[in-house]
Amino acid sequence: MKNQNRSVSRRKFLGSMTAAAFAAPFVANSSVGFASPKSKLKHACIGVGGMGWHDLQKFMEHPDVEIVALCDVDANNLQRSAEALPDARTYSDWRELLEQERDRIDSVNVTVPDHNHFAIAYRAIQDGKHVYCQKPMCHDVAEVRKLTEASIEAGVITQLGTQHASGKGDRSAVQLIKNGAIGKVKHVYLCSNRPSAIETYRLPGPRPRQGQDVPSHLNWDLWIGTAPMRPYAPDIYHPTIWRSWQDFGTGWSGDIGCHIFDAVWKGLDLKAPKSVVAKVQESWQESAARNGDTWPQGDHITWMFPGNELTESDVLPVEWFDGEFYPPWEIQALFPEQPYPAESAMLIGTEGALLIPHKEMPVLLPEDKYTDYSPPKLEDRNHYHHFADACLGSEKTESHFAQSGPMTEAILLGTVAIRVPDTVLEWDAVNMRFPHHPEANKYLRRNYRKNWGVAGF
């Protein structure tokens, strides 16, 4: 018989350990997960349209990965992937896949809209499956905390879909920061001002007053999943545009923030922020129809993180800019070439500055000061293959949940601040609440749609 007291004690230990991970830099240990060596990885792809199609192709390229099951709520997406993998079993409902494939798969990737990340990944982890999950890890802060705890307790291999974290650019930046190339860090500026993003991904809303018939190839009930039901409308939800809506996406900062933040988070060994505040697009803030349903088309978020031996002081400001908000001109002017990289991180240190353009190699500034500085000599890694190799018994992954969970939580605190703009929200990481701002606490977790609840949500 299972020892009840031992089980309870283990849960208490894991809970306290995970809380510490969010309040302080996580120290990796065996609980991160190391798989027993295997010759083949039996893998299932959940979500095979859009980014899911990209993820599927990357896993197909690994010689020791066998994709045995496919799932998508859109029959058109499923058909295309089935034509590429005619021997794979197909499903429209991820719950059915996990039930039927329980003893036939080792791992899954979760590449679906943000609002269904937790339900799928949590269920897979409870079944002992390794999980690759697209960013952000979850839709809500409370989901991130729960999923991180679950992954640690299960000891499975996990990887957040921050694929550029495995590239030599981001990994070189991490080493430069840790090596003190720019001295102690004083301030960090993050931005994502992709010109095409506003028209393509950030709808102003509001939603249509009346829905339309759901196309025959789409299971709208399964697509909605954990979110509140709403009538189907073409061209504003599926595919991709769901990111514009609070019910489904996490805004631009929640999506791209995981990419831009990653090297900074790892390089500086950051822990949970002390506070967060946001300024938002004025027209969005003044429209109840928009700010209760969509994300703004621009925002400026500022976190105050506890300092450490890598920072100049005991508090480190980290600012995020997107849409109509841009880093200060004096910061952009530090980069001698123009235009300033639309998606990048700039760290200001006591001895210099470090620019990390998204998908590119970092640049030490001023360049003439670092002419003779030898950068780290690293090679690119394939983020997907690194996950598969870890599942097959290799080293731990670059963006395992114990590492990326606390970072994602901090990023999603920014999405809470967006919905309570111009308010400094002090954060109690251990108890997971804003002690002085109860109006903000309601944005930390959702109530799932009836019959879709999982793990207390």
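Whatever comes next refers back to the structure up there.
What this report covers is the structure whose coordinates are included nearby.

Conventions we followed
Residues numbered from 1 in each chain as written. Predicted model: local features only at pLDDT ≥ 70, side-chain atom pairs only at ≥ 80, totals over all residues. Heavy atoms only, no water. Core = buried A, V, L, I, M, F, W, Y, C linked by side-chain atoms within 4.5 Å. Buried < 20%, exposed > 50% of the residue type's maximum accessible area, 1.4 Å probe, protein only. Contact = heavy atoms within 4.5 Å. Axes fitted to C-alpha atoms, helices over the stretch in contact; angles between N-to-C directions. Helix = DSSP H or I, 4+ residues; strand = E, 2+ residues; numbered from the N terminus. Parallel < 35°, antiparallel > 145°, perpendicular 65-115°, else oblique. Left-handed = near helix turned anticlockwise from the far one by under 90°. Salt bridge = Lys/Arg side-chain N within 4 Å of Asp/Glu carboxyl O. 1 Å grid on protein atoms, 1.4 Å probe; cavity = no way out; pocket = protein on both sides within 12 Å on 5 of 7 lines; lining within 4 Å. Points joined across faces, edges and corners; volume = space filled by probe spheres on them. Nonpolar A, V, L, I, M, F, W, Y, C, P; charged D, E, K, R; others polar. Phe/Tyr/Trp six-rings, centres within 6.5 Å; stacked < 30°, edge-to-face > 60°. Lys NZ or Arg CZ within 6 Å of the ring centre and 35° of its normal. Pairing = 2+ DSSP bridges. Disulfide = S-S within 2.5 Å.

### Considering the nonpolar core
- Core analysis: the largest hydrophobic core is formed by 106 residues, its most contacted members being F261, V264, L268 and L347.
- Every residue in contact with V264, bar those within four places of it in the chain, is listed here: I177, V188, L190, L270, A345, L347 and I356.

### Overview of the packing of helix α2 (residues 51-60) against helix α3 (residues 75-84)
- Put simply, α2 and α3 touch, their axes get as near as 11 Å, and they point 15 degrees apart. By the angle class used here, α2 and α3 are roughly parallel. In this structure, α2 meets α3 at a crossing whose hand is right-handed. For the pair formed by α2 and α3, the contact residues are W53, L56 and M60 on the first element and R80, S81 and A84 on the second.

### Concerning the pattern of salt bridges
- Enumeration over the complete set of coordinates arrives at 26 salt bridges.
- The partner of E99 in a salt bridge is R123, and the shortest N-O contact between them spans 3.4 Å. Of the two residues, E99 is situated in helix α4 (residues 94-100) and R123 in helix α5 (residues 117-126); the sequence distance between them amounts to 24 residues.
- For E99, a relative accessible area of 42% gives the class partly exposed.
- Judged by relative accessible area, which is 22%, R123 ranks as partly exposed.
- Taken together, the shared-partner salt bridges connect D262, K266, R381, E395 and E398 into one network.

### A closer look at α5
- Across the 10 residues that make up α5, a large majority, 8, are buried.
- For α5, every residue scored as buried is listed here: H117, F118, A119, I120, A121, Y122, A124 and I125.
- Immediately downstream of α5, the backbone of G128 shows phi near 80 degrees, a positive value.

### A short note on the layout of surface pockets
- There is about 860 Å³ of room inside the largest pocket.
- Together, 39 residues line the largest pocket, and G49, G50, M51, W242 and R243 are the ones closest to its centre.
- Breaking the lining of the largest pocket down by element, the ones donating at least two residues are α2, α5, α9 (220-224) and α10 (251-268).
- With 4 residues, α10 is the largest single contributor of residues to the lining of the largest pocket.
- Split into classes, the residues belonging to the lining of the largest pocket amount to 16 nonpolar, 15 polar and 8 charged.

### As for the packing of aromatic side chains
- Taken as a whole and assessed by the stated rule, the structure comprises 21 aromatic pairs.
- On the basis of an interplanar angle of 65 degrees and a centroid distance of 5.0 Å, the ring pair of F118 and F457 is categorised as edge-to-face. Of this pair, F118 sits in helix α5 while F457 sits in the segment after α16 (438-441), placing them 339 residues apart in sequence.
- Ring geometry for F261 against F305: centres 6.0 Å apart, planes inclined by 80 degrees, an arrangement best described as edge-to-face. With F261 in helix α10 and F305 in strand β9 (residues 299-306), the pair connects residues that are 44 residues apart, well separated along the chain. Comparing F261 with F305 shows no difference in burial state: the two are buried.
- An aromatic cluster of three or more residues is present, and its members are W220, W223, Y232, Y237, W245 and F248.
- Seen from the ring of W53, R80 lies directly overhead, with NZ or CZ sitting 4.0 Å from the centre.
- When the ring centre of W452 is taken as reference, the NZ or CZ atom of R95 above it lies at 4.1 Å.

### So, the sheet that holds strand β2 (residues 65-71)
- Across the sheet, 6 strands lie side by side as β3-β2-β1-β4-β5-β6; this open sheet has parallel pairing. Looking at strand neighbours, the two that pair on one side only are β3 (89-91) and β6 (158-160), the edges of this open sheet. Along the sheet, successive strands turn relative to each other by an average axial angle of 20 degrees, direction set aside.
- Taken together, the 3 bridges between strand β5 (residues 130-133) and β6 define a ladder with parallel strand orientation. Each residue of the ladder has a partner; that of Y132, found in β6, is Q159.
- The strands that helix α15 (residues 401-419) touches are β5 and β6; relative to β6, the one it contacts most, it runs at about 35 degrees.

### Things to note about empty space enclosed by the protein
- Here the structure, examined in full by the defined rule, presents 2 cavities of 30 Å³ or more.
- Taken as a whole, the largest cavity encloses approximately 70 Å³ of empty space.
- Among the elements that line the lining of the largest cavity, the one with the most residues is α10, at 3 residues.
- The residue makeup of the lining of the largest cavity, split by class, is 5 nonpolar, 2 polar and 3 charged.
- Roughly 40 Å³ of internal volume is contained in the second largest cavity.
- If you go around the second largest cavity, the residues you meet are D170, H259, I260, A263, S344, A345, I356 and H358.
- Looking at the lining of the second largest cavity, the elements that each hand over two or more residues are α10 and β11 (343-349).
- Ranked by the residues each element gives to the lining of the second largest cavity, the list is headed by α10, at 3 residues.
- Broken down by class, the residue content of the lining of the second largest cavity amounts to 4 nonpolar, 3 polar and 1 charged.

### Quick look at the pairing of strand β10 (residues 315-322)
- Counting buried positions along β10 yields 7 of 8 residues, so the element is predominantly enclosed.
- Taken together, the 5 bridges between strand β7 (residues 185-192) and β10 define a ladder with parallel strand orientation. By the bridge assignment, V188 is partnered in β10 with V318.
- Relative to β10, β9 is paired through 8 bridges, and the arrangement is antiparallel. For M304, the partnering residue across the bridge sits in β10 and is P317.

### A closer look at the state of the cysteines
- With the rule as written, the count across this model stands at 0 disulfides.
- Of all cysteine sulfurs, the one in C45 lies closest to C391, which takes part in no disulfide; the gap is 12 Å.

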